[in-house]
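A closer look at the structure
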Amino acid sequence: MKETEASRTAVLVCQGRAVGDGRLASGRFADPVAAQLLRDDERAEVELARSGKAPSGWRARMRYEMLNATAAVLVTRTVAIDDAVREAGNPQLVLLGAGLDARAWRMPELAAVAVFEVDHPASQGDKRERAEGLEPVPKSLTYVPVDFGRDSLGAALAAAGHDPAAPTTWIWEGVLPYLTSAQVESTLAVVAERSAVGSRLVATYPVHNRVAVLGRRALRVYSRLTGGKDPLEHERHISAWTAEQMDALLAGYGLTVTADRDLHDIVRELSIPARESRFYGLGRVAIADR
Ligand SMILES: C[S@@+](CC[C@H](N)C(=O)[O-])C[C@H]1O[C@@H](n2cnc3c(N)ncnc32)[C@H](O)[C@@H]1O
């Protein structure tokens, strides 16, 4: 990531959740806070995508399609992760690369939980501005600014009051693609070190997918043509795994994969119309327990 600029992908995925709220997987997914975390121009795009009326101009039409495809991906992975968080019921929750995640404002199940939001300092500063005035649900919400490429995650969590003797649920959602393998390994080392028995890691990760590579290229071309900013400009996809590779990677840190699902299967279960999102690339979600 760029040193000073807040994550653009965090905004895009937040827009996806706002587009999906009340429209996709009703009864299993709701994120009314997502729209509140968006700036006016970002929310206007969401409203257009939610209208169900595809605009006629090709630029607006492309943005409309992209946001609807993003919504399908985001709603799917949110449902899978929320279920895993509830099932674990741990007293601590650490969001690694929290972005504009709204769990701390929308999940009543977190009322007795100590939540730690870890993110790149620039993205976190932006999030804190956006969340001003919103009332968090958890027992405590602590912001932990960390650049995974530069800072010590373990020291930052210790200073923030994270307790390694109590079980933690770790969410690593939509972050793995942007990390180098050294950053992935050093983060996992800290997760392993600070995971008491009963802890759980929930991670979404991309698989090698030529179609998704094309999708990301299309996003770049589209951004150039429309004069907009490429959300992936400073956050290139650099990593991908197979399910077997992920299992072996996590096992190396004492974490046993108890479930690893293709998000396409969950899309079908939730009856989400997601034809376009195959192009965008869904990936998998792994749940690993200590
Ligand atoms: C696609 S966003 C996902 C945000 C959030 N987890 C979600 O799903 O809504 C990627 C997140 O990874 C964070 N990130 C990427 N590289 C990072 C780094 N080197 N150090 C800290 N955070 C990083 C960004 O700041 C951003 O919040």
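Quick caveat: nothing in here was measured; it's all calculated off a predicted structure.

About the cut-offs
- Residues numbered from 1 in each chain as written.
- Predicted model: local features only at pLDDT ≥ 70, side-chain atom pairs only at ≥ 80, totals over all residues.
- Heavy atoms only, no water.
- Helix = DSSP H or I, 4+ residues; strand = E, 2+ residues; numbered from the N terminus.
- Buried < 20%, exposed > 50% of the residue type's maximum accessible area, 1.4 Å probe, protein only.
- Near = heavy atom within 4 Å.
- Polar contact = N/O pair within 3.5 Å; in protein donor to acceptor, adjacent residues only side chain to side chain.
- Areas by Shrake-Rupley, 256 points an atom, 1.4 Å probe, with all protein chains shown as cover.
- Nonpolar A, V, L, I, M, F, W, Y, C, P; charged D, E, K, R; others polar.
- Core = buried A, V, L, I, M, F, W, Y, C linked by side-chain atoms within 4.5 Å.
- Contact = heavy atoms within 4.5 Å.
- Axes fitted to C-alpha atoms, helices over the stretch in contact; angles between N-to-C directions.
- Parallel < 35°, antiparallel > 145°, perpendicular 65-115°, else oblique.
- Left-handed = near helix turned anticlockwise from the far one by under 90°.
- Pairing = 2+ DSSP bridges.

1. Overview of unusual backbone geometry
For alanine 25, which is not glycine, the phi dihedral falls at a positive 50°. Inspection of the secondary structure puts alanine 25 in the loop between helix 1 (8-20) and helix 2 (40-50). Of the residues examined, alanine 25 reaches a relative accessible area of 13% and is grouped as buried. One non-glycine residue, serine 271, lies in positive phi territory at about 55°.

2. Here we look at the site of the ligand
Residues in close proximity to the ligand total 21 residues, the closest being Gly97, Asp119, Ser123, Phe148 and Glu173. A distance of 3.3 Å is found between an oxygen atom of the ligand and a backbone nitrogen or oxygen belonging to glycine 99. Between aspartate 147 and the ligand, the recorded distance is 3.2 Å, taken from a side-chain N or O atom to a nitrogen atom. Taking 590 Å² as the accessible area of the ligand by itself, protein coverage stands at 97%. Counting residues per element, the shell around the ligand draws most heavily on helix 1, which supplies four residues. Partitioning the shell around the ligand into residue classes produces eight nonpolar, seven polar and six charged.

3. Considering the nonpolar core
Ranked by internal contacts, the top residues of the largest apolar core, which has 53 residues, are Leu37, Leu93 and Ile272. Counting only elements with at least two residues in this core, the list comes to helix 1, helix 2, helix 3 (58-88), strand 1 (92-96), helix 4 (103-106), helix 10 (263-269) and strand 7 (284-289). The biggest single contributor to this core is helix 3, with twelve residues. Leaving out residues up to four positions away in the same chain, isoleucine 272 has contacts with Leu24, Ala25, Ala72, Val75, Thr76 and Val267. Counting residues in each nonpolar core, the second largest holds 33 residues, with Leu96, Ala114, Leu249 and Val257 among its members.

4. Quick look at the packing of helix 1 against helix 2
Here helix 1 crosses helix 2 at 40°, and the two axes come no closer than 9 Å. Here helix 2 runs oblique to helix 1, going by the angle between their axes. Where helix 1 crosses over helix 2, the two elements pack in a sense that is right-handed. Touching Val11, Gln15, Ala18, Val19 and Gly20 of helix 1 are Glu42, Glu45, Val46, Ala49 and Arg50, all from helix 2. Looking at the contact of helix 1 with helix 2, its residues break down into five nonpolar, two polar and three charged.

5. Some points on the sheet that holds strand 3 (residues 140-145)
Strands in a sheet are paired, the pairing made by backbone hydrogen bonds, and the direction either parallel or antiparallel. Strand order across the open sheet formed by seven strands is 3-2-1-4-5-7-6, with mixed pairing between neighbours. The sheet is open, and its two borders are formed by strand 3 and strand 6 (256-262), each paired with just one other strand. Geometrically, the sheet is characterised by an average inter-axis angle of 15° between neighbouring strands, direction not taken into account. Of the strand pairs in this sheet, strand 1 and strand 2 (residues 114-119) are connected by five bridges, and their pairing is parallel. Bridge pairing links leucine 93 to valine 115 in strand 2. In the packing of helix 5 (residues 121-131) onto the sheet, contacts are made with strand 2 and strand 3, and the angle to strand 3 comes to roughly 145°.

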